[in-house]
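What follows is the residue order along each chain.
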Amino acid sequence: MELFAVADLPEIRPGDDLAALIRDRVDLDEDDVVCVASTVVSKAEGRLADLSAFPAGPRAREIAARLESISGDEKDPRFAQAVLEESTEIIMEAPFLLTESRFGHVSVNAGIDRSNVAGADLLLLPKRPSESAARIREELPADRVIVTDTCGRPFRHGQRGVAIGWAGMPASRDWRGESDRDGRELGVTVQNVVDELAAAANLVAGEGDGGTPVVVVRGFEFGDHAGSDAHFREVEGDFVRQALREWEFE
Ligand code: GDP
Ligand code: MN
Ligand code: MN
Ligand code: MN
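Reading the values: rules and limits
- Along each chain, numbering runs from 1 in the same order as the chain's sequence is written.
- For this description, chains carry letters from A and ligands carry numbers from 1, given in the order in which they are written.
- Where local features are concerned, this predicted model is filtered to residues with pLDDT of at least 70; where side-chain atom pairs are given and counted, the filter is 80 or more; whole-chain, interface and lining totals use all residues.
- To obtain the side-chain values, all non-hydrogen atoms of the structure were used and water was disregarded.
- Distances up to 2.8 Å from the metal define which N, O and S atoms are donors, and 3.2 Å serves for Na, K and Ca; water is absent from the atom set, so sites may look incomplete.
- Every helix listed is a DSSP run of H or I at least four residues long, and every strand listed is a run of E at least two residues long, numbered separately from the N terminus.
- Among buried residues, the Ala, Val, Leu, Ile, Met, Phe, Trp, Tyr and Cys ones that are joined through side-chain atoms within 4.5 Å form a nonpolar core.
- Buried, partly exposed and exposed residues are distinguished by accessible area as a fraction of the type maximum, computed with a 1.4 Å probe on protein chains only: under 20%, between the cut-offs, and over 50%, respectively.
- A contact between two residues is defined here by any heavy atoms of the two lying within 4.5 Å.
- In the sections that follow, a salt bridge refers to a side-chain nitrogen of Lys or Arg positioned within 4 Å of a carboxyl oxygen of Asp or Glu.
- To estimate how far a helix should reach, multiply one less than its number of residues by 1.5 Å.
- What the arc describes is the spread of directions from the helix axis to the C-beta atoms.
- Throughout, the term near means that a residue has one or more heavy atoms lying within 4 Å of the molecule or strand in question.
- Any N or O atom pair separated by 3.5 Å or less is treated as a polar contact, with the protein-specific requirement of one donor-capable and one acceptor-capable atom, and with residues adjacent in sequence counted only for side-chain atom pairs.
- Working definition of accessibility: Shrake-Rupley area with a 1.4 Å probe, residue cover restricted to the visible protein chains.
- Any two strands with at least two DSSP-identified bridges between them are counted as paired.

Trainee: Looking at this structure, I do not really get the coordination of the manganese ion (ligand 4). What am I missing?
Mentor: Coordination angles at a metal have ideal targets, namely 109.5 degrees for four tetrahedral donors and 90 or 180 degrees for six octahedral donors. All of the protein donors around the manganese ion (ligand 4) are T150 (OG1) and E207 (OE); their distances to the metal are 2.1 Å. Here the manganese ion (ligand 4) and the manganese ion (ligand 2) are spaced 4.6 Å apart. Linking T150 in strand β8 (residues 144-153) with E207 in the loop between α6 (193-205) and β12 (214-218), this pair joins segments that are 57 residues apart in sequence.

Written as structure tokens, this is what we have:
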């Protein structure tokens, strides 16, 4: 398996045809997985916004004041308002805002970005990243597309890439019922391949001014496994989220 970044992509603007920009710069195979940073999907979809578009309501003002008193840094209540408007559930309000986005992704500050955003205060995540992936895929010779974002995670320092949308392949391959080397049947292993590919692609894309938001994965074979599109946990089976709902920062 090989990964390489697509060279010479311009600064992406609202209305840009991302697929055409990619197509013009790389000869894609049908089997390639094209990983696209959500940042440029959002830019193309016009998800840039200014803070002035989010006049803060009482809840946002309360949250910002609390976060400001915890961190000692100034917090703009309009930013908290933007996070609230992008979210369907606030899982943690302090010491940072952890929410579920409208498409099911749990992240800090609803994944709203303030870096690599030209000409606006904020960049919101794509509204429905799997639909974005499907639209891009339609216009590419490659059959598989993943929309990625850089995300922190609990229990471990540092951030890494995750898949927030995908098209043309299942999210996971299911090893259950297959055997390990001792012939023992695997009972629980469902390998989230879109996250694993997103992490590898994100490693190549980088985080700064590299200008390489699109990475092609060539030679990845899904193999003869059952597939599953389960990706974001449902609340019912998500015991960590349930515990966090009960927990209160002091
Ligand atoms: P995120 O992980 O989706 O939030 O994206 P990042 O902000 O980390 O950017 C990922 C990569 O895309 C980095 O190499 C950036 O330099 C690059 N990048 C971000 N925006 C643009 C853009 O509009 N055009 C180009 N060519 N590269 C961009
Ligand atoms: Mn970013
Ligand atoms: Mn991001
Ligand atoms: Mn990133």
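Next comes the rest of the account.
Trainee: Got a minute to help me understand the nonpolar core in this structure?
Mentor: Nonpolar side chains in soluble globular proteins tend to be buried together. Ranked by size, the top nonpolar core spans 28 residues in total, and within it L18, I22, L28, V34, V36 and L140 carry the most contacts. Sorting the residues of this core by element identifies α1 (18-23), β2 (33-37), α2 (38-44), α5 (129-138), β8, β9 (156-167) and β12 as the ones contributing at least two each. If one sorts the elements of this core by residue count, α1 sits on top with 4 residues. The residues touching V36, leaving out its near neighbours within four places in the chain, are L18, I22, V41, V145, I146, V147, T148, P213 and V214.

Trainee: Got a minute to help me understand the pattern of salt bridges in this structure?
Mentor: Side chains carrying opposite charge are able to pair once their charged atoms draw close together. Applying the stated criterion across every chain, the model contains 15 salt bridges. Linking R218 and D32 is a salt bridge whose minimum nitrogen-to-oxygen distance equals 2.8 Å. Pair noted here: R218 is in strand β12 and D32 is in the loop between α1 and β2, with a separation of 186 residues, a long-range link. The exposure class of R218 is partly exposed, given its relative accessible area of 22%. Among the charged side chains, a salt-bridge network with shared partners connects E89, E100, D238, R241 and R245.

Trainee: I tried to follow helix α3 (residues 58-71) on my own but got confused; where do I start?
Mentor: One turn of the α-helix equals 3.6 residues, which is why residues spaced by three or four share an orientation. Here α3 contains 14 residues, and its C-alpha end-to-end distance of 20 Å stays within 8% of the 20 Å for a straight helix at 1.5 Å per residue. Those residues of α3 not exposed but buried are A60, I63, A64 and L67. For α3, the buried positions fall inside an angular range of 95° around the axis, keeping them on one side. Along α3, the residues that are exposed and aim more than 90 degrees away from the buried face are P58, E62 and S69. Count one or two residues on from α3 and you reach G72, which has phi positive near 80°.

Trainee: Please explain the site of ligand 1 as it appears in this structure.
Mentor: Of all residues adjacent to ligand 1, which total 23 residues, the nearest are T39, T150, A205, G208 and G211. A distance of 3.1 Å separates an oxygen atom of ligand 1 from a polar side-chain atom of D149. Contact between ligand 1 and T150: an oxygen atom at 2.8 Å from a side-chain N or O atom of the residue. Protein chains shield 96% of the accessible area of ligand 1, which is 580 Å² for the free molecule. For the shell around ligand 1, the secondary structure elements donating two or more residues are α2 and β8. In terms of residues, the shell around ligand 1 owes the most to one element, α2, which gives 4 residues.

Trainee: Help me out: how do you make sense of the pairing of β12 in this one?
Mentor: Each regular strand shows side chains that alternate between the opposite faces of the sheet. Counting buried positions over the 5 residues of β12 gives 4, a clear majority of the element. In the sheet, strand β1 (residues 2-5) pairs with β12 via 4 bridges, with the strands oriented antiparallel. For L3, the partnering residue across the bridge sits in β12 and is V217. Strand direction decides the pairing type here: β2 and β12, joined by 4 bridges, are antiparallel. Directly across from V36, in β12, lies its bridge partner V214.

Trainee: Would you mind showing me how to read the coordination of the manganese ion (ligand 3) here?
Mentor: On the protein side, the manganese ion (ligand 3) has D113 (OD) and D149 (OD) as donor atoms, found 2.1 to 2.2 Å from it. Here the manganese ion (ligand 3) and the manganese ion (ligand 2) are spaced 3.8 Å apart, with D113 acting as a shared donor. You can see D113 sitting in the loop between β6 (106-108) and β7 (122-123) and its partner D149 sitting in strand β8, a full 36 residues away along the chain. For the pair shown, D113 and D149 are each scored as buried.

Remember, this is a structural readout, not a statement about activity or role.
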